[in-house]
Amino acid sequence: MRSVGIGQAQTVTFDLRQESKQPISLVNLFELVADDLQTLNDNLLSIVGAENPVLISAAEQIFGAGGKRMRPGLVFLVSHATAELAGLKELTTEHRRLAEIIEMIHTASLIHDDVLDESDMRRGKETVHELFGTRVAVLAGDFMFAQASWYLANLENLQVIKLISQVIKDFASGEIKQASSLFDCDTKLDDYLLKSFYKTASLVAASTKGAAIFSRVETDVTEQMYEFGKNLGLSFQIVDDILDFTQSTEQLGKPAGSDLAKGNLTAPVIFALEKEARLREIIESEFCEAGSLEEAIEMVREGGGIRRAQELAREKADDAIKNLQCLPRSAFRSALEEMVMYNLERID
């Protein structure tokens, strides 16, 4: 269930690129669950419920920073799609609480990520640690993890408690794995996929499976929803890593190639290293020569790394589409399929 390796290339059986369609937007994708998301937004600050004014300010800063709410949006879409399958007429309190818990966990991870990355901006606003200092930011993230865990325990569903608790462990495992492999040109693709699973896809997979569990559908459906979330999460991470090389600094909101500059080797770099011996030399020197980072970025762009990473993102997207075949046809299933397409449109 938790394997994330990549085997032989698979034949794509679904047309994920429908040229006749207009570009997909998240706003349109989540229109079906707009009311659910609005209720979530209204509840988030009160759920954090911090008595300390600094923690309240930190929560307002991160929750009010204009996030896409992609993870709770997915929870609601899968909840509705699987509820239809189970004959439920409306979402349960557990569905809604799960979406709130998932967003709190995601937010806590962002606060900690910004500390680790020493980022001063997030979604166009100053980060929590930039405003309040590293100590408060770490404590604010810890508090949000703890608060999410408390609400999780109160759901009183052992299967979901185990599922989401594993995610918090995976976050730490991913950070440790990344920190221990910086500038390591012998990093394998499976290592990269495992780290990407820990840091990104684990939470998405737990979100979608948890939603299905609360719809009380059959086990095979909950497992397919887990695989859907895993494959979608991996595809999103691969696309993000491609954009780090193909978008401008202005589009990214950070310097292009910033992961590579820090020694974090992603899919485009791992593929490019197979053909570019000079690239290994530059990376292992940790870009000590003037202009070497720019040279390395150009090698990744021109050495086939981008193209092969695009193929990998599409392979994971195709797998995600296949995972949805267990659901009956509905507007909610269509929206989930369009979420997969939306991600790929970012690199078309």
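Data block above holds the structure.
Note that the structure is a prediction, hence the values are computed from the model and not measured.

Participant: Could you clarify how one ought to interpret the side chain of glutamate 100 in this entry?
Facilitator: Relative to the helices and strands, glutamate 100 is located in helix α5 (residues 93–117). With relative accessibility at 5%, the residue glutamate 100 sits in the buried group.

Participant: Explanation requested: the side chain of histidine 80 in the structure shown.
Facilitator: Note on placement: histidine 80 falls in helix α4 (residues 70–86). Judged by its relative accessible area of 17%, histidine 80 is buried. When sequence neighbours within four positions are dropped, the list of residues in contact with histidine 80 reads Val33, Asp36, Leu91 and Phe332.

Participant: I would appreciate a short explanation of unusual backbone geometry in the present structure.
Facilitator: Among all residues save glycine, negative phi is the norm, and among peptide bonds the norm is trans. Unlike most non-glycine residues, glutamate 156 shows phi in positive territory, near 55°. Within the fold, glutamate 156 resides in the loop between α7 (134–153) and α8 (158–179).

Participant: Would you mind going over the packing of helix α14 (residues 277–284) against helix α15 (residues 292–302) with me for this structure?
Facilitator: The description of two helices packed together rests on the angle between their axes and the distance between the axes. Packing of α14 against α15 leaves a shortest axis separation of 10 Å and a crossing angle of 145°. Seen from above, α14 lies across α15 with left-handed handedness. On α15, the residues that touch Arg278, Leu279 and Ile282 of α14 are Ser292, Glu295, Ala296, Met299 and Val300. Taken together, the residues of the contact of α14 with α15 break down into 5 nonpolar, 1 polar and 2 charged.

Participant: Explanation requested: the packing of aromatic side chains in the structure shown.
Facilitator: For any two aromatic rings, the description comes down to two numbers: the centre-to-centre distance and the angle of the planes. This structure, assessed with the given rule, holds 5 aromatic pairs. Between tryptophan 150 and tyrosine 151, the ring centres sit 5.1 Å apart and the planes meet at 85°, which makes this aromatic pair edge-to-face. Relative accessible area serves as the criterion here: at 15%, tyrosine 151 is assigned to the buried category. An angle of 40° between the planes, with centres 6.4 Å apart, marks the rings of phenylalanine 236 and tyrosine 342 as tilted. Here the residue phenylalanine 236 occupies a position in helix α10 (residues 219–246), and tyrosine 342 occupies one in helix α17 (residues 331–345), the gap between them amounting to 106 residues.

Participant: What is the right way to look at the pattern of salt bridges in this model?
Facilitator: Any two side chains of opposite charge can pair if their charged atoms end up close together. The tally for this structure, following the rule as stated, stands at 18 salt bridges. For lysine 209, the salt bridge goes to glutamate 223, with nearest N and O atoms at 2.8 Å. You can see lysine 209 sitting in helix α9 (residues 189–214) and its partner glutamate 223 sitting in helix α10, a full 14 residues away along the chain. The exposure class of glutamate 223 is partly exposed, given its relative accessible area of 23%. Taken together, the salt bridges that share partners define one network made up of Asp186, Arg280 and Glu284.

Participant: I would appreciate a short explanation of the packing of α10 against α17 in the present structure.
Facilitator: The geometry of α10 relative to α17 is characterised by a closest axis approach of 9 Å and an angle of 20° between their N-to-C directions. The pairing of α10 with α17 is recorded here as roughly parallel in orientation. Classified by chirality, the crossing of α17 by α10 is left-handed. Facing α10, whose interface residues are Phe228, Leu232, Ser235, Phe236 and Val239, α17 presents Leu336, Met339, Val340, Tyr342, Asn343 and Leu344. Among the residues forming the contact of α10 with α17, the class breakdown is 9 nonpolar, 2 polar and no charged.

What counts and what doesn't
- Residues numbered from 1 in each chain as written.
- Predicted model: local features only at pLDDT ≥ 70, side-chain atom pairs only at ≥ 80, totals over all residues.
- Heavy atoms only, no water.
- Helix = DSSP H or I, 4+ residues; strand = E, 2+ residues; numbered from the N terminus.
- Buried < 20%, exposed > 50% of the residue type's maximum accessible area, 1.4 Å probe, protein only.
- Contact = heavy atoms within 4.5 Å.
- Axes fitted to C-alpha atoms, helices over the stretch in contact; angles between N-to-C directions.
- Left-handed = near helix turned anticlockwise from the far one by under 90°.
- Nonpolar A, V, L, I, M, F, W, Y, C, P; charged D, E, K, R; others polar.
- Phe/Tyr/Trp six-rings, centres within 6.5 Å; stacked < 30°, edge-to-face > 60°.
- Salt bridge = Lys/Arg side-chain N within 4 Å of Asp/Glu carboxyl O.
- Parallel < 35°, antiparallel > 145°, perpendicular 65-115°, else oblique.

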